[in-house]
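The primary structure of each chain is shown beneath.
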Amino acid sequence: MYIAFNRQKSKWSVTKFEENHNHVFHDPKTSFLLRSQRRIREAQALNIELAVDSGLSVKASHDLISAQSGERENVGFTLDDHRSYLRARRQRSLQYGEAGALLGYFQTRVAENPYFFYDIQLDIEEKITNIFWADHEMITDYGLFGDVVSFDTTFQTNKECQPLAIFTGFNHFRMTAIFGAALLYDETSESFEWLFKSFLRAMGEKRKPKLTNGRVSV
């Protein structure tokens, strides 16, 4: 395609177009995978919330919506979008009473044992996003057996798909030792960075030789 500037009209115009050298930008059957084309409509959001409130798993709920739409490409969003919506729903539904109860529990544990450590990350609206905690036994075990630490986020703890992140290792009996745990709002680099820094603070900034994980390492 040739484009030239027409000085008399002060406009750009196409002077030559060769159709044989053109092709389809994207397969229409997979266009729903493009981020710009994905969105959850209001009716679909209602179905997602009804499904999760009825006890359906995320995959079963997504399969149901796909069947109702006729084909997967007609849904308009992916399974990951489905999970993200539920995480956002959970964040919106975290009311002051729930947050207050959580903080009250942590403060009670600190009063019982000052070595209990917890950290909470807030968003710009001062709502809780990520939560990390470690009790005295976890911190002690890390000092003794934390030469190698495994970090895992493959657990799912609730219907909103919030990942439970666990720092683990092995003790002298080759039994699993838990060094800390966290509930994460998402699995972004920002959340992981906050979590690892909180973990180090809990352990008195004691850095061990190696922190290993199947997907993330620091």
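It should be noted that the structure appears before, not after, this text.
We now turn to the structure provided with this report. (Residues numbered from 1 in each chain as written. Predicted model: local features only at pLDDT ≥ 70, side-chain atom pairs only at ≥ 80, totals over all residues. Heavy atoms only, no water.)

Mapped onto the fold, Gln44 is located in helix 1 (residues 42-53). Take Gln44: its relative accessible area is 6%, and that puts it in the buried class. Apart from residues no more than four positions distant in its own chain, Gln44 is found in contact with Arg39, Ile65, Val75 and Phe77. (Helix = DSSP H or I, 4+ residues; strand = E, 2+ residues; numbered from the N terminus. Buried < 20%, exposed > 50% of the residue type's maximum accessible area, 1.4 Å probe, protein only. Contact = heavy atoms within 4.5 Å.)

Right, let's get into the packing of aromatic side chains. Applying the stated criterion across every chain, the model contains 16 aromatic pairs. Between Phe167 and Phe196, the ring centres sit 6.2 Å apart and the planes meet at 75 degrees, which makes this aromatic pair edge-to-face. Linking Phe167 in strand 6 (residues 163-170) with Phe196 in helix 6 (residues 189-202), this pair joins segments that are 29 residues apart in sequence. The burial state of Phe167 is the same as that of Phe196; both residues are buried. When the centroid spacing of 4.1 Å and the interplanar angle of 15 degrees are considered together, the rings of Phe167 and Phe199 count as stacked. Note that Phe167 is positioned in strand 6 and Phe199 in helix 6, a separation of 32 residues in sequence. (Phe/Tyr/Trp six-rings, centres within 6.5 Å; stacked < 30°, edge-to-face > 60°.)

The next point concerns the pattern of salt bridges. Scanning the model with the defined rule gives four salt bridges in all. Note that Lys59 is salt-bridged to Asp63, the shortest N-O span being 3.0 Å. Of this pair, Lys59 and Asp63 both sit in helix 2 (residues 58-69), four residues apart, which is roughly one turn of the helix. Taking relative accessible area as the criterion, Asp63 reaches 39% and is therefore assigned partly exposed. Linking Arg201 and Asp119 is a salt bridge whose minimum nitrogen-to-oxygen distance equals 2.3 Å. Of the two residues, Arg201 sits in helix 6 while Asp119 sits in strand 3 (residues 117-122), which places them 82 residues apart along the sequence. (Salt bridge = Lys/Arg side-chain N within 4 Å of Asp/Glu carboxyl O.)

What follows concerns the nonpolar core. With 22 residues, the main nonpolar core has Phe132, Phe151, Phe167, Phe179, Leu195, Phe199 and Met203 as its most contacted residues. If you list the elements that add at least two residues to this core, you get strand 4 (128-134), helix 5 (136-145), strand 5 (148-156), strand 6, strand 7 (176-183) and helix 6. The element contributing the most residues to this core is helix 6, with six residues. Dropping the residues within four chain positions of it, Phe167 is found in contact with Phe132, Val149, Ser150, Phe151, Ala177, Ile178, Phe179, Gly180, Leu195, Phe196 and Phe199. The next biggest cluster of nonpolar side chains, apart from the first, holds nine residues, and it includes Val58, Ile65, Phe77 and Leu86. (Core = buried A, V, L, I, M, F, W, Y, C linked by side-chain atoms within 4.5 Å.)

Here we take up the packing of helix 1 against helix 2. Look at helix 1 against helix 2: their axes get within 10 Å of each other, and the N-to-C directions meet at 140 degrees. Taken together, the axes of helix 1 and helix 2 are oblique relative to one another. For the pair helix 1 and helix 2, the sense of crossing is right-handed. Within the contact between the two elements, helix 1 uses Gln44, Asn47, Ile48 and Ala51 and helix 2 uses Ser61, Ile65 and Gln68. (Axes fitted to C-alpha atoms, helices over the stretch in contact; angles between N-to-C directions. Parallel < 35°, antiparallel > 145°, perpendicular 65-115°, else oblique. Left-handed = near helix turned anticlockwise from the far one by under 90°.)

This brings us to unusual backbone geometry. If you check the backbone angles, Ser10 has positive phi at about 55 degrees while not being a glycine. Within the fold, Ser10 resides in the loop between strand 1 (2-6) and strand 2 (11-16). The exposure class of Ser10 is exposed, given its relative accessible area of 52%. Its identity as a non-glycine residue notwithstanding, Glu205 has a phi of 60 degrees, on the positive side. Tracing the backbone shows Glu205 in the loop between helix 6 and strand 8 (210-212). Look at Glu205 and you get partly exposed, because its relative accessible area is 43%.

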